[in-house]
Amino acid sequence: MTDRSGLTEAELAAELRAFLAEHHPGRAPKDPGERLAFLQAWQATLFDHGWAGPGWPPRWGGMGLPLPLQAVYHREMAAGRAPVPPNNIGGIVGPTILTCGTDEQRARWIPPLLRADELWCQGFSEPDAGSDLTSLRTRAVRDGDVYRVTGRKVWISGAVHADWMLCLTRTGSQESGAAGITCLALDMHAPGVRASRLRDMTGGAHFAEVEFDDVEVPVSHRIGAENEGWAAARATMGHERSTSLAASGMRYQRVTRDLLDLARRRGQADDPHVRDRLAQAVTGARLLEWSGQRVLARVLEGGEPGPLASVIRLQHGVFEQQLHTLAVDLLGPYAQLDAADPALASGERHDGNWLRGFLRTRASTIGAGTSEIQRTTIADKVLGLPPEAGNSRSTR
Amino acid sequence: MTGTFAFTAEHEALRNTVRRFLTERSPETEVRRLMETADGYDPTVWSLMANQIGLQGLALPEKYGGSGAGFVDLQIVLEEMGRALLCAPFLSSVVLAANALLTSGDEAACAEYLPGIAEGTTIATLAVTEASGSWRADDVTVTADAQYRLTGEKLFVLDGHVADLLLVVARTAAGPTLFAVDAGAEGVAREPLGTLDATRKQARLVLDQTPARLIGEDGGAAGPLERTLDLAAAALAAEQAGGARRTLEMAVEYAKVREQFGRPIGSFQAIKHKCADMLLEVESSTSAAYAVGWAVDAGSVEVPVLAPLAKAYCSEAYTHCAAENIQIHGGIGFTWEHPAHLYFKRAKSTEILFGNPRQHRALLADRLGI
Ligand SMILES: Cc1cc2nc3c(=O)[nH]c(=O)nc-3n(C[C@H](O)[C@H](O)[C@H](O)COP(=O)(O)OP(=O)(O)OC[C@H]3O[C@@H](n4cnc5c(N)ncnc54)[C@H](O)[C@@H]3O)c2cc1C
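Residues numbered from 1 in each chain as written. Chains lettered and ligands numbered in written order. Predicted model: local features only at pLDDT ≥ 70, side-chain atom pairs only at ≥ 80, totals over all residues. Heavy atoms only, no water.

In the annotation of an unreviewed UniProt entry, the entry for chain B reads Acyl-CoA dehydrogenase family protein, and the organism field reads Sporichthya brevicatena. The UniProt entry for chain B carries the following comment under Cofactor (unreviewed entry): "FAD". Listed in UniProt under the heading Sequence similarities (unreviewed entry), the comment for chain B reads: "Belongs to the acyl-CoA dehydrogenase family." (UniProt positions renumbered as here; feature names shortened; annotations may be inferred.)

By the naming in an unreviewed UniProt entry, chain A is Acyl-CoA dehydrogenase family protein, taken from Sporichthya brevicatena. The heading Cofactor (unreviewed entry) in the UniProt record of chain A holds the text "FAD". Its UniProt record gives chain A a comment under Sequence similarities (unreviewed entry), which states: "Belongs to the acyl-CoA dehydrogenase family."

Turning our attention to the site of the ligand. Near the ligand lie 20 residues; those nearest to it are A:Gln122, A:Ser131, A:Thr370, A:Glu372 and B:Gln269. Contact distances for the ligand include 2.9 Å between an oxygen atom and a backbone N or O atom of A:Phe124. A distance of 2.8 Å separates an oxygen atom of the ligand from a polar backbone atom of A:Ser125. Protein contacts shield 70% of the accessible area of the ligand, which totals 960 Å² for the unbound molecule. Of all the secondary structure elements, the ones that give two or more residues to the shell around the ligand are strand S3 (146–157) and helix H11 (371–382) of chain A. (Near = heavy atom within 4 Å. Polar contact = N/O pair within 3.5 Å; in protein donor to acceptor, adjacent residues only side chain to side chain. Areas by Shrake-Rupley, 256 points an atom, 1.4 Å probe, with all protein chains shown as cover. Helix = DSSP H or I, 4+ residues; strand = E, 2+ residues; numbered from the N terminus.)

Below, the discussion takes up the pairing of S3(A). Residues and elements named next belong to chain A. Across five bridges, strand S2 (residues 139–143) lies against S3 in antiparallel orientation. Along S3, the bridge assignment pairs Asp143 with Val146. Between S2 and S3, which follow one another and run antiparallel, lie two residues, and Gly144 among them has a positive phi close to 65 degrees. Across nine bridges, S3 lies against strand S7 (residues 207–218) in antiparallel orientation. Bridge pairing in S7 places Tyr147 opposite Val217. (Pairing = 2+ DSSP bridges.)

Below, the discussion takes up a positive patch on the surface. A cluster of basic side chains, namely A:Arg27, A:Lys30, A:Arg35 and A:Arg356, defines a positive patch on the protein surface. Assignment of secondary structure puts A:Arg356 in helix H10 (residues 352–360). (Patch = residues over 30% accessible without salt bridge, like charges linked within 9 Å, V, L, I, M, F, W, Y side chains within 5 Å. Salt bridge = Lys/Arg side-chain N within 4 Å of Asp/Glu carboxyl O. Lys, Arg positive; Asp, Glu negative; His and termini not counted. Charge placed at Lys NZ, Arg CZ, Asp CG, Glu CD.)

Turning to the UniProt feature "domain: Acyl-CoA oxidase/dehydrogenase middle" (unreviewed entry) in chain A, a few remarks are in order. In this structure's numbering, the residues bearing the UniProt feature "domain: Acyl-CoA oxidase/dehydrogenase middle" (unreviewed entry) are residues 121–215 of chain A. A helix fraction of 0% and a strand fraction of 52% characterise residues 121–215 of chain A, whose end C-alpha atoms lie 17 Å from each other.

Turning to the packing of helix H3 (residues 67–79) of chain A against helix H8 (residues 272–300) of chain A, a few remarks are in order. All names here are of chain A. Viewed as axis vectors pointing N to C, H3 and H8 meet at an angle of 155 degrees, and their least axial separation amounts to 10 Å. When the interaxial angle is binned, H3 and H8 end up roughly antiparallel. Side by side, H3 and H8 meet where Leu67, Pro68 and Ala71 of the first sit next to Leu296, Val299 and Leu300 of the second. Taken together, the residues of the contact of H3 with H8 break down into six nonpolar, no polar and no charged. (Axes fitted to C-alpha atoms, helices over the stretch in contact; angles between N-to-C directions. Parallel < 35°, antiparallel > 145°, perpendicular 65-115°, else oblique. Contact = heavy atoms within 4.5 Å. Nonpolar A, V, L, I, M, F, W, Y, C, P; charged D, E, K, R; others polar.)

Our focus in this paragraph is the nonpolar core. Judged by nonpolar contacts, the single largest core of 171 residues is most densely connected at A:Leu259, B:Phe90 and B:Leu150. At 16 residues, helix H7 (residues 222–257) of chain B tops the list of elements feeding residues into this core. Every residue in contact with A:Leu259, bar those within four places of it in the chain, is listed here: A:Leu278, A:Ala281, A:Leu323, A:Leu326, A:Ala327, A:Leu330 and A:Trp354. Core analysis: the next-biggest nonpolar cluster, separate from the first, contains 41 residues, A:Met77, A:Trp109, A:Trp120 and A:Trp230 among them. (Core = buried A, V, L, I, M, F, W, Y, C linked by side-chain atoms within 4.5 Å. Buried < 20%, exposed > 50% of the residue type's maximum accessible area, 1.4 Å probe, protein only.)

Further remarks concern the UniProt feature "domain: Acyl-CoA dehydrogenase/oxidase C-terminal" (unreviewed entry) in chain B. The positions that UniProt labels "domain: Acyl-CoA dehydrogenase/oxidase C-terminal" (unreviewed entry) are, in the present scheme, residues 227–368 of chain B. Helix makes up 82% of residues 227–368 of chain B and strand 3%, whereas the separation of the span's terminal C-alpha atoms amounts to 16 Å.

Residue and element names in this part refer to chain A. Look at helix H4 (residues 90–100) against helix H5 (residues 103–114): their axes get within 10 Å of each other, and the N-to-C directions meet at 160 degrees. One element, H4, and the other, H5, form an angle in the roughly antiparallel class. Considering how the two elements wind past one another, H4 and H5 form a crossing that is left-handed. Taken together, the residues of H5 that come into contact with H4 (itself represented by Gly90, Val93, Gly94, Ile97, Leu98 and Thr99) are Gln105, Arg106, Trp109, Ile110 and Leu113. (Left-handed = near helix turned anticlockwise from the far one by under 90°.)

As a further point, take the pattern of salt bridges. Charged atoms that come close allow side chains of opposite charge to pair. Residue and element names in this part refer to chain B. Tallied over the full model, the rule gives 53 salt bridges over all chains. The partner of Arg33 in a salt bridge is Asp42, and the shortest N-O contact between them spans 3.6 Å. According to the relative accessible area criterion, Asp42 is buried, its value standing at 15%. In this structure, a network of salt bridges that share partners links the residues Glu12, Arg15, Arg19, Glu79 and Glu80.

It is common to give the size of an interface as the accessible area lost on bringing the parts into contact. Contacts between the two partners involve 40 residues from chain A, matched on the other side by 42 residues from chain B. Between chain A and chain B, a total of about 3,500 Å² is buried, with carbon and sulfur atoms accounting for 64% of that surface. For the pair chain A and chain B, the interface holds seven salt bridges. A salt bridge links B:Asp366 to A:Arg275, with the shortest nitrogen-to-oxygen separation between them at 2.5 Å. Those elements that place two or more of their residues in the side of chain A that touches chain B are helix H7 (240–265), H8, helix H9 (307–331) and H11 of chain A. Tallied by class, residues from the side of chain A that touches chain B come to 21 nonpolar, eight polar and 11 charged. (Buried area = accessible area lost by both parts, 1.4 Å probe.)

What follows is about the environment of B:Lys274. Residues and elements named next belong to chain B. When you line up the elements, Lys274 lands in helix H8 (residues 269–297). Separated by 51 residues in sequence, Lys274 and Asn325 have C-alpha atoms that sit 9.1 Å apart. The residues touching Lys274, leaving out its near neighbours within four places in the chain, are Glu324, Gln327 and Ile328. Separated by 3.3 Å, the side chains of Lys274 and Glu324 make a polar contact.

Written as structure tokens, this is what we have:
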């Protein structure tokens, strides 16, 4: 595999641009089924040419790029409008396996994950355990060489297509809280697993409900020690997060340019109130990018990502919602239409995407931990404020 | 993106030096004492700043008696001054006036005036605004006759009551033009204004056939003024980020110790969430301010876009943080003896200075070509 970790920033950018010029697959299809196959094929192309997993160890198929080159990588991918790989959850699962798994587990799961030959989902939330994950009830009972898993997960992104789930289970008593949780890699094709699509408010079926009826999971598929799955679950992204968040800041530079274009096309760019909000949107996108850069700079100096890393996600969710709300306001009466309506097409553009985003981003302040939980975590962990009475275990 | 956002060891050393100096020389008791005085600053501290650590000359070119440091260094100084609410004519003299001279391209004037500004022996200011409050050269009504004698009234002139050198934008037949006026020249009347932010004074200048010296080109003030204001906005954004950070620290410190209902108020989620949002704004303000700073040092063409962006954002963030700090402090926060209101007033005042956030966002939109 080509080792690009020694390239200069300019060289890496040039190589990546050349690669994209030759291999860019074009726009991903809208149809969900076709879309997934398209994105998997794209990820395989990336992997086969040594362009997958910028920060991941070369030993397991990653690129092993130092942080500044990772930033270049993400910037060029965003600028080149390269499709965002599927298996986004893999970006969370992968580091957990890399950090807490054994070499055998890494060799078994990481390369196919990076190539998107195998898709993963993250099975944390349950009907009665959302923000308070530590109250989860899905049971795993040790029976010789296997755990027998019974219970129910909900709102699991990509579960219907997933081959594997990084699943949090209860092995301790119900009262054991975070101390009785075990992390398993669960085969979604195993007998007793049933994933059923759950429609979301956009009309799509991005997430699913998953039921486990006495599912056997080999003990060798346990990530980390028994009852210590909580630590494994938390050891998700670490420093990886800063670069990929910086990347989304870069993607939003492009999206805000599209937004300015929308304002002009819809003849609203002269309205002072609209201009004020457009300027705010531009500001928000820049701030996200700079926050990512500052975190990166800290990490490059060998420091901890610092307080900023904790606020980026909060910032991100709120920004995405404001951006799409503005876009929808710019659509005026057309915002009453269905996102797919042809009346929303103008030239090359299909403004229905803004409507989709408008709906989709309601989840930006809920998924992966709500904004409220995020604020509490920042107050407790970053600012050192005393814990709330009766809620000393902030879970996300 | 131009900046790397990586502060060097020199940057940190500068920050520490300035912070130590200000802790010693500008504690709250001094701020409160000076804000009640007519001049509004302490000449001894001012000259120590120049002689001991060379702050006035820090970012001025070496050929004019400065140390030639970067704009980011200047911002670090301002961030610390914002934290400490320093009462001194630094923004007016070192940021506004010095940059008005530098951007004018008038080498003779720079050679004559900048060394004094760098040494702290000349206090200078820039007089642009009038009754309308506008910072646009086009809105200037003070006139200069053919002999360059100025007549008219300037308002909101930062430290105009103590400045030795008044840089005045006035209108000639050729258009808006920059002039240097000696504060002691005939026909100059100066009068301090009562200000919301007593830690930074402003004045009214009345000019009546006042003799003045042309700086730069006759009719050529608009371009340099615009550049000067971008730099001033960027510098002020850093000051605002520093002030905002201090209000967050005060709020968090208090929330940890003040108890109600048998527990610290910081354990209540309403308070936690306010603090988390303040942190978000403080960090974002820091990003915005230094993004412009790095762009200035890199000679980036993006400065005219980033400066109004940073000014608008940092202004609103500071005002919000300063207000939340009062709220979190409850009754004590509304009490004169508590410093929270000093920050709130500084925040609101700087929000308006050089144009309010909406005006800056309008400028940003214009410059983005929207
Ligand atoms: C699009 C999407 C994708 C998702 N994908 C996944 C996935 O792949 N895997 C997975 O495991 N989960 C997934 N989730 C689930 C998600 O993590 C949870 O929805 C989220 O953590 C919130 O839990 P909840 O829905 O039970 O809400 P609740 O916890 O019931 O919260 C309801 C409301 O109460 C507030 N609240 C709760 N506790 C507190 C508190 N202590 N203080 C203040 N306010 C509080 C919340 O902020 C929220 O506003 C996904 C969710 C969405 C929307």
